[in-house]
Amino acid sequence: MEIGQFNKWAHWAADWASRFMTSVRDLPVRAQTPPGDIARRIPDRPPEDAESMDAIIDDFQRIVMPGMTHWQHPRFFAYFPANASPPSVIAEYLTATLAAQCMLWQTSPAATELETKMMDWLRQAIALPGDFQGVIQDSASGATLCAVLTMRERALNWQGNTQGLSGQPAVRIYCSQHVHTSVDKAVWIAGIGQDNLVRIETDETMAMRPEALKHAIEADKAAGHLPAGVVASVGGTSVGGSDNLRAVCEVAREYGVYVHVDAAWAGSAMICPELRPMIDGAELADSFVFNPHKWLLTNFDCSAHFVRNPEELVRTLAIKPEFLKTYGTGGEINYSEWSVPLGRRFRALKLWFVLRAYGLEQLRGIIRNHIAWAEGLAQDIATHPDFELTTKPVLSLFSFRYCPKGVDDLDELNLGLVNAINDDGRIYLTQTRHDGQMVIRFQVGQTHTTQEDVTFAWKVIQEIAGELGRQS
Ligand SMILES: Cc1ncc(COP(=O)(O)O)c(C=O)c1O
């Protein structure tokens, strides 16, 4: 494409984006296309000759758009949110245009230095102590992998990367059943193995029992294993299960065991001082991750990973062949030494735009509204005779079940309800299994959701549940 043509299409894209932002609420939330429908419409072979932008854009609208599930729809109540916002989108556009590879300080000093500043702004925003330093990772999964690798290396006296794990005592990691599967994946990738991920019993609040953690560490030491780290949950994915960080960290400290806190979703809410009791004790942890790309209006990908001791992370991950060495400078940060991939996008720019365009007080207001609306809906559901609240709201996430009298298989009914709701398209919900039962999750967190959207969702749920109930 000629540069002159670029201007025309960039304007088209900007117009399209602003039309999309104002009209997305009229589209079905979950894509309504059957499997294979999109692929069937894409040629099997790449074109030999250039095609016109008119044709490409036309296909984007005709083929791609119907196959999109709209995470930016105000009635997206499924999974966790994946926020975006106008200033963040604009920053992403600039980042894409600069297309810089920000692996080392010298490959874009502005990207590195803005990242350092933005991570410190976020650290202050959630009131982590000043001895934590941050790095932007691609995902919470990536941050947790870095943490698990650091746990492994520290426990093996920094010999794992060189000698491998064979012949070493078993490296043991501890967590509750409420952590995200990214923890399981991290222990697989780190070569630690699923069998060495020890699930600690939880109490009625879904928190790890500290005495059970202590007991597991003692038993492992006695068996000749190496207790290496704990991954604590704050706002677990299924129903928001959270650990008591202070209690977990106190046990871990007694045994010199590393603690990583996964607050991927809930962490953004910690910009509200009144919610911070949820992370009481985080100042004792070794690392902490949360995703501004979930609930802080910042486009995917942007995961804020804080570490108390960057030297340990760098010792675990830095590798410096001659072609990556930078001579003549000193003391600068090379963030590729803080993460698994070498290549890095300029992600700090969108955070800078978002934090300045909204300010913390407006961001707090948005999160507080989400929580208040979720609590209001949870109360309505709890008092309806045909529904039950299965877990109380944790911030803006709760779960419920449709349980009209006289139905034998409530799991099948509730799964059927989720599917019928998503086929209908006006709202989007997902299910989970809790205490052996199929339950429906509801979270409020999309940037432009209003109270009316939440009220509307409850109407749709009752309407579709009523139709299903009559059929069963
Ligand atoms: C608690 C928790 N941790 C980790 C993740 C993984 O996040 P990411 O997609 O950034 O890897 C999720 C995703 O929903 C999550 O809910």
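Above this note sits the structure.
What counts, and at which threshold
Residues numbered from 1 in each chain as written. Predicted model: local features only at pLDDT ≥ 70, side-chain atom pairs only at ≥ 80, totals over all residues. Helix = DSSP H or I, 4+ residues; strand = E, 2+ residues; numbered from the N terminus. Rg over C-alpha atoms; globule rule 2.2 N^0.38 Å. Contact = placed C-beta atoms within 7 Å. Near = placed C-beta within 6 Å. Nonpolar A, V, L, I, M, F, W, Y, C, P; charged D, E, K, R; others polar. Buried ≥ 20, exposed ≤ 12 C-beta atoms within 10 Å, placed from the backbone. Pairing = 2+ DSSP bridges. Axes fitted to C-alpha atoms, helices over the stretch in contact; angles between N-to-C directions. Parallel < 35°, antiparallel > 145°, perpendicular 65-115°, else oblique. Left-handed = near helix turned anticlockwise from the far one by under 90°. Expected span 1.5 Å × (residues − 1). Arc of directions from axis to C-beta.

### A word on the overall build of the chain
Within the chain one finds 14 helices and 11 strands. A globule of 472 residues ought to have a C-alpha radius of gyration of about 23 Å, and the chain, at 24 Å, matches this closely. Oriented by its inertia axes, the alpha-carbon framework of the chain measures out at about 65 × 60 × 45 Å. The long-range fraction of contacts in the chain, counting pairs at least 24 apart against all pairs at least 6 apart in sequence, stands at 72%.

### A short note on the site of the ligand
Neighbouring the ligand are 13 residues, the closest being Ser139, Ser141, His180, Thr237 and Ala264. In terms of residue class, the shell around the ligand is built from 4 nonpolar, 8 polar and 1 charged.

### Some details on unusual backbone geometry
The omega torsion across Phe300 and Asp301 is 10 degrees, close enough to zero to call that bond cis. As for its position among the elements, Asp301 is in the loop between α10 (292-295) and β7 (303-307). The phi angle at Met206 is positive, at roughly 75 degrees, despite the residue not being glycine. Tracing the backbone through its elements, the reader meets Met206 in the loop between β3 (197-199) and α8 (210-222). For Met206, a count of 20 C-beta atoms within 10 Å puts it in the buried group. The phi angle at Leu297 is positive, at roughly 60 degrees, despite the residue not being glycine. Mapped onto the elements of the fold, Leu297 is located in the loop between α10 and β7. We classify Leu297 as buried; it has 26 C-beta atoms within 10 Å.

### Description of the pairing of strand β11 (residues 437-443)
Summarising burial for β11: 6 of the 7 residues are buried, a large majority. Taken together, the 5 bridges between strand β10 (residues 430-434) and β11 define a ladder with antiparallel strand orientation. Each residue of the ladder has a partner; that of Thr432, found in β11, is Val439. Linking two consecutive strands that pair antiparallel, namely β10 and β11, is a turn of 2 residues; a positive phi of about 50 degrees is found at Asp435 within it.

### Things to note about the packing of α8 against helix α9 (residues 245-254)
The description of two helices packed together rests on the angle between their axes and the distance between the axes. Following both chains from N to C, one finds α8 and α9 inclined at 20 degrees, their axes separated by 9 Å at the closest point. As far as their axial angle goes, α9 and α8 are roughly parallel. The interaxial crossing formed by α8 with α9 has right-handed handedness. For the pair formed by α8 and α9, the contact residues are Pro210, Leu213 and Lys214 on the first element and Ala247, Val248 and Val251 on the second. Among the residues forming the contact of α8 with α9, the class breakdown is 5 nonpolar, no polar and 1 charged.

### Brief notes about helix α3 (residues 86-98)
Here α3 is 13 residues long and its end C-alpha atoms lie 19 Å apart, about the 18 Å a rise of 1.5 Å per residue gives. Every buried residue of α3 is accounted for by Ser88, Ala91 and Glu92. The buried residues of α3 all sit within an arc of 105 degrees when viewed along its axis, so they share a single face. In α3, the exposed positions that point more than 90 degrees away from the buried face belong to Leu94 and Thr97. Ala99 sits one or two positions beyond α3 and adopts a positive phi of about 45 degrees.

### Concerning the sheet that holds strand β9 (residues 397-402)
An order of β8-β9-β11-β10 is seen for the 4 strands of this open sheet, with the pairing classed as antiparallel. With one partner strand each, in any of the chains shown, β8 (387-394) and β10 form the two edges of the open sheet. The mean inter-strand angle of the sheet, taken between neighbouring strand axes irrespective of direction, is 35 degrees. Across the sheet, helix α13 (residues 410-424) lies against β9, β10 and β11, angled at about 30 degrees from β11, the strand it touches most.

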